[in-house]
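# Tertiary structure, described
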Amino acid sequence: MPNAEKLAKKQLYFNKLVDLCVNTPKALIVSVDHVASKQMQDIRMDLRGRAVVLMGKNTMIRKALEMGHVDHPNAGLDILRASIKGNLGFIFATNCELDDIRATLGKFVLESAAKAGQDSMVDLDIPSGPTGMDPSQTSFFQTLNIATKIVKGQIELISNFKILTKGEKVSASAAPLLTRLGIKPFNYKMEVEMVFQNGGVFAAAVLDIKEEVLMQKFMAGVNNMAAFSREIGIPTEAGLPHAFGNAFKNVAALLGDGAFTFKEVEDVKKFFADPDAYAAANPGGGGGGGAAAAAAPAAGGKAAAAKVEEPEEEEEDQDFDLFG
């Protein structure tokens, strides 16, 4: 049974984790596989005063979150507890944004040599050409059936050779060859797995969604709502501009030939009375609302017709010059 000192340390850890989860609005859940202690130290120092880095065993994390959920049932600690799988830790943003934390994690990357039996993180080809290795080391290439030749006292690859495939294990022959060539194919750093914010857990991909994308999706939803409300005849705030626009068109159509009028429909009646004169008086299409928009295509059509006639006259002149 653990002594009183260990129990006190565990309780302090439980209290700290629950307090941060409840009182800090946002945090990153990071994977710390293959992260060196020096990397961890550098990240802590860089984030000091801006964020809190908290690691721990999964059993302790789950126990703390389970106890915290009893006292804070609306904090989302039960959802967070269900997401703790693997070698994970927390970085709570106390005085910065989540993007600032991600930028810091990107600064501390450790290059690592390939080890036999581990899963490859990348696809890697050894390029053709000289390797810098002397002919006595051809056995490393022969084991992998890599075609080589000796040129100027060193081994040279005849063609590119794919030595690592992403997701497959590093072979016992590939690891020492990469070490001999001085190639460190893997980069290790804290990887952001999930985001904990306002009692919810989200995939890390949400951090890459830009404001422009959010606005585009929001406006698409507004357009869909407006179309849906107009179709079923139920007024909504999104559909009001379209409803008022259609109502004004109906009123303008009813008053086109009548004596009754009002200020907003005057421009429309002028356009109906003499479209050509209205187009000449409003060449820019401003101030006339729908009438100006209707007049503009008419004027544009005449201009297009005039442009079409000009090439025909030039062609007639050219025919006359060439064959006259």
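Residues numbered from 1 in each chain as written. Predicted model: local features only at pLDDT ≥ 70, side-chain atom pairs only at ≥ 80, totals over all residues. Heavy atoms only, no water.

## Some details on the pattern of salt bridges
- Following the criterion strictly, the structure yields 9 salt bridges and no others.
- With a shortest N-O distance of 2.9 Å, Lys107 and Asp46 are connected by a salt bridge. Here the residue Lys107 occupies a position in helix α5 (residues 98–107), and Asp46 occupies one in helix α2 (residues 37–47), the gap between them amounting to 61 residues.
- Here Arg81 ties to Glu66 by a salt bridge, and the two come within 3.8 Å at their closest N and O atoms. Linking Arg81 in helix α4 (residues 77–82) with Glu66 in helix α3 (residues 58–71), this pair joins segments that are 15 residues apart in sequence.
- One connected set of salt bridges, linked through shared partners, spans Asp46, Arg50 and Lys107. (Salt bridge = Lys/Arg side-chain N within 4 Å of Asp/Glu carboxyl O. Helix = DSSP H or I, 4+ residues; strand = E, 2+ residues; numbered from the N terminus.)

## A closer look at the confidence of the model for the chain
- When pLDDT is averaged along the chain, the result is 80; 81% of the residues meet or exceed 70.
- A low-confidence stretch, residues 286–324 stays under pLDDT 50, and its non-local contacts, those more than four residues away or across chains, total 15 contacts. (pLDDT = per-residue confidence, 0-100. Contact = heavy atoms within 4.5 Å.)

## Focus: a nonpolar patch on the surface
- Among the surface-exposed residues, Phe202, Val206, Ile209, Val213 and Leu214 lie close enough to one another that they form a single nonpolar patch of about 400 Å² accessible area.
- One can find Phe202 in strand β12 (residues 200–203). (Patch = residues over 30% accessible without salt bridge, like charges linked within 9 Å, V, L, I, M, F, W, Y side chains within 5 Å. Areas by Shrake-Rupley, 256 points an atom, 1.4 Å probe, with all protein chains shown as cover.)

## Quick look at helix α1 (residues 4–23)
- The terminal C-alpha atoms of α1 lie 28 Å apart, and with 20 residues this matches the ideal 28 Å at 1.5 Å per residue to within 8%.
- For α1, the full list of buried residues reads Tyr13, Phe14, Leu17, Val18, Leu20 and Cys21. The arc that holds the buried residues of α1, viewed along the axis, is 160°, so those residues lie on one side. Exposed positions of α1 whose direction lies more than 90 degrees from the buried face are Ala4, Glu5, Leu12 and Asn23.
- Residues of α1 that are buried make contact with β2 (51–54), α3, α4, β3 (88–93) and β11 (191–197). (Expected span 1.5 Å × (residues − 1). Buried < 20%, exposed > 50% of the residue type's maximum accessible area, 1.4 Å probe, protein only. Arc of directions from axis to C-beta.)

## Let's talk about the packing of α2 against α5
- Axis separation between α2 and α5 bottoms out at 10 Å; the angle between their running directions is 145°. As for how α2 packs across α5, the hand of that crossing is right-handed. Residues Ile43, Asp46 and Leu47 of α2 form the contact with α5, whose own contacting residues are Ile101, Thr104, Leu105 and Lys107.
- Residues belonging to the contact of α2 with α5 are distributed by class as follows: 4 nonpolar, 1 polar and 2 charged. (Axes fitted to C-alpha atoms, helices over the stretch in contact; angles between N-to-C directions. Left-handed = near helix turned anticlockwise from the far one by under 90°. Nonpolar A, V, L, I, M, F, W, Y, C, P; charged D, E, K, R; others polar.)

## Some points on the sheet that holds β2
- Pairing is antiparallel in the open sheet, where 5 strands are placed in the order β2-β3-β1-β11-β12. Strands with a single pairing partner mark the edges of an open sheet, and in this sheet they are β2 and β12. Put simply, the sheet's adjacent strands are angled 25° from each other on average, direction ignored.
- Examined bridge by bridge, strand β1 (residues 26–31) and β11 share 6 bridges and lie antiparallel to one another. Directly across from Leu28, in β11, lies its bridge partner Val195. (Pairing = 2+ DSSP bridges.)

## Re the side chain of Ser83
- Within the element layout of this structure, Ser83 appears in the loop between α4 and β3.
- From its side chain, Ser83 meets the backbone oxygen of Ile79 in a polar contact 3.2 Å long. (Polar contact = N/O pair within 3.5 Å; in protein donor to acceptor, adjacent residues only side chain to side chain.)

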